[in-house]
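A look at the structure
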Amino acid sequence: MGNNHGSLKSTLAVSLTNYLDAGAIVAGASGLTLWQNYMGLSEVHLGWLNFISANCLGAAIGAIIGGFLADKYGRKFIFTYNLLVYMLGVLTVMFSVNFPMLLCGFLITGISVGVGVPASWTYISESSEVNNRGRNICISQMSWGVGPMVILLLGMLFAPGGYLFGWVESLAHAVGGSNMSTEAVNVFSSRVVFFSLFVVAFIAWNLQRGLQESAEFEAAKATEKKAGLIDNIKVLFQNKIAVRTVVFLATIYLTWNLVASVMGFFQPHIYETAGGVSNEQANWMNCIQWAIIVGVTFIVSKIIDKTKHKAIYVFGLVVAISAWLVIVTVGVNGMAGLWAFAILWGIQGGTSPQIFYALWGSELFPAKFRAGAQGLMFFIVRGLSAVWGVVFTLIYGENGEGFTIAAYCMIVLLTISLIVGIIGCPNTRGKSLSQITRERYGEDI
């Protein structure tokens, strides 16, 4: 397994994938109103951007491809090439001048995010010590929280009225001339934010392509017969335990992610339309919420390898449901309701089912189709989240008039995730991946 320092170092390098995942989602979200004004987009257009982005379909397509490629060619193969695609997608968004181009950029970026996520979570688990596996997964989730926090801060600094908007204005006029419309100048702040993702992706690519291949992957490949990509997919679907595990994990992650994906992409927009606050206020609230997520995740990282997983899981979802109960009781028309919701949703984010999906998803499958199984589940979850994102915009309405109805839908989804998680919570704490595999699949898998 390697020493503690080694696993922590590789975890930090691979965790930048989570930074780029969440960062791409929030970069789009924080500037959503600016792109809407610049291109004259409707709520349906915004729904389509969410539909094909790193939040939903783009990531879904990438995950189903990347997961099985990681099992066929190795985790390092993904780290060597995938972020080049991410950088292409970000550049496309940066230079977008119309809706099809913007849509294309979101799709390319989303596909790259999907390709990278199964390989990164798998690699972190396979390179971790038994008593640090949960901690390392939490560190990767902290990166998932730091990304939005940094992106939102940049968004606020560069946004119209922000401290650095004067610099953005000068850059916009230098590139596009002095006759640019106000909307065209304003959207340059979002272009600059996406450029920051390009820089981080370039750094991450250089770090990740220097990593060693997972020892567990190499051991699994050395002992099995040569098989094609389709053969690996067949093995996954022919194993009843694996199929049941896919159903369990996909259910707890899907029902939570249908809620979280909407909030990840639309939250600043919701705060502005339903809550009636300014773009700057919405981004500040969202930024503070992400800071809470990072802080709570750090606390969880200290206890997750020593505490019953079910207790942390239940606590997080109870808090999540409480956040949405605030919506249907207090409402979000006042600052008290908005802040109560933001704080509660931040607390749940630090204990969310995504942590356990990442942990259990890498523990409950054997190495030969570990990444592929995660890719399949990620495909299911993000694909259905894409459909839900479009449906949500129809329920929500142009000005947030259907937000209360949407809130009841969220409560139902989170309750399902809570109940299924309680019933199916596995006992994997303190066990090695090989021990878990033997207990679940026997010696011949």
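Let me begin by describing the structure that accompanies this report. Values in this document were obtained by computation on a predicted structure and should not be read as measured data.

Section: the overall build of the protein chain
Across its full length, the protein chain holds 20 helices and zero strands. For the protein chain, the C-alpha radius of gyration of 21 Å lies close to 22 Å, the compact-globule estimate for 445 residues. Each principal axis of the C-alpha distribution contributes one length, and for the protein chain these read about 70 × 45 × 35 Å. Residues classed as buried in the protein chain amount to 61% of the 445 residues present. Long-range pairs, those at least 24 residues apart, make up 83% of the contacts in the protein chain between residues at least 6 apart in sequence. As displayed, the protein chain has an accessible area near 16600 Å², and 67% of this comes from carbon and sulfur atoms. Put simply, the protein chain has 25 plus and 21 minus side-chain charges, and the middle of one group is 12 Å from the middle of the other.

Looking at the nonpolar core
Ranked by size, the top nonpolar core spans 134 residues in total, and within it Leu 197, Trp 324, Trp 345 and Trp 360 carry the most contacts. Dropping the residues within four chain positions of it, Leu 197 is found in contact with Tyr 19, Leu 20, Gly 23, Ala 24, Ala 27, Tyr 86, Val 90 and Ile 151.

Points about the packing of aromatic side chains
Taken as a whole and judged by the stated rule, the model has 24 aromatic pairs. Ring plane angle 75° and centroid distance 5.6 Å describe the contact between Trp 121 and Tyr 357, whose orientation is recorded as edge-to-face. With a gap of 236 residues between them, Trp 121 in helix H6 (residues 99-126) and Tyr 357 in helix H17 (residues 353-363) connect regions that are remote in the sequence. Taking the ring centre of Phe 188 as reference, the NZ or CZ of Arg 191 above it sits at 5.3 Å. When the ring centre of Trp 205 is taken as reference, the NZ or CZ atom of Arg 209 above it lies at 4.1 Å.

Quick word on the pattern of salt bridges
The full count for this structure, using the stated rule, is six salt bridges. Ionic pairing is found between Arg 75 and Asp 71, a salt bridge with its closest N-O pair at 2.9 Å. Judged by relative accessible area, which is 0%, Arg 75 ranks as buried. As a salt-bridge pair, Glu 363 and Arg 133 come within 2.8 Å of each other at their nearest N and O atoms. Of this pair, Glu 363 sits in helix H17 while Arg 133 sits in helix H7 (residues 133-158), and the two are 230 residues apart along the sequence.

Describing the side chain of Thr 245
Relative to the helices and strands, Thr 245 is located in helix H13 (residues 240-273). Polar side-chain contacts of Thr 245 include one of 2.7 Å to the backbone oxygen of Ile 241. When sequence neighbours within four positions are dropped, the list of residues in contact with Thr 245 reads Leu 364, Phe 365, Met 377, Arg 440 and Tyr 441.

Re H6
Between its first and last C-alpha atoms H6 spans 41 Å; for 28 residues at 1.5 Å apiece the expected length is 40 Å, and the two agree. The sharpest bend along H6 comes to roughly 25°, located at Gly 116, with the proline Pro 118 sitting one to four residues further on. With 22 of 28 residues buried, H6 is to be regarded as a mostly interior element. The backbone nitrogen of Met 101 has a side-chain oxygen 2.9 Å away, supplied by the residue at the start of H6, namely Asn 98.

Parameters and conventions
Residues numbered from 1 in each chain as written. Predicted model: local features only at pLDDT ≥ 70, side-chain atom pairs only at ≥ 80, totals over all residues. Heavy atoms only, no water. Helix = DSSP H or I, 4+ residues; strand = E, 2+ residues; numbered from the N terminus. Rg over C-alpha atoms; globule rule 2.2 N^0.38 Å. Buried < 20%, exposed > 50% of the residue type's maximum accessible area, 1.4 Å probe, protein only. Contact = heavy atoms within 4.5 Å. Areas by Shrake-Rupley, 256 points an atom, 1.4 Å probe, with all protein chains shown as cover. Lys, Arg positive; Asp, Glu negative; His and termini not counted. Charge placed at Lys NZ, Arg CZ, Asp CG, Glu CD. Core = buried A, V, L, I, M, F, W, Y, C linked by side-chain atoms within 4.5 Å. Phe/Tyr/Trp six-rings, centres within 6.5 Å; stacked < 30°, edge-to-face > 60°. Lys NZ or Arg CZ within 6 Å of the ring centre and 35° of its normal. Salt bridge = Lys/Arg side-chain N within 4 Å of Asp/Glu carboxyl O. Polar contact = N/O pair within 3.5 Å; in protein donor to acceptor, adjacent residues only side chain to side chain. Expected span 1.5 Å × (residues − 1). Bend = angle between axes of the 7 residues up to and from the residue.

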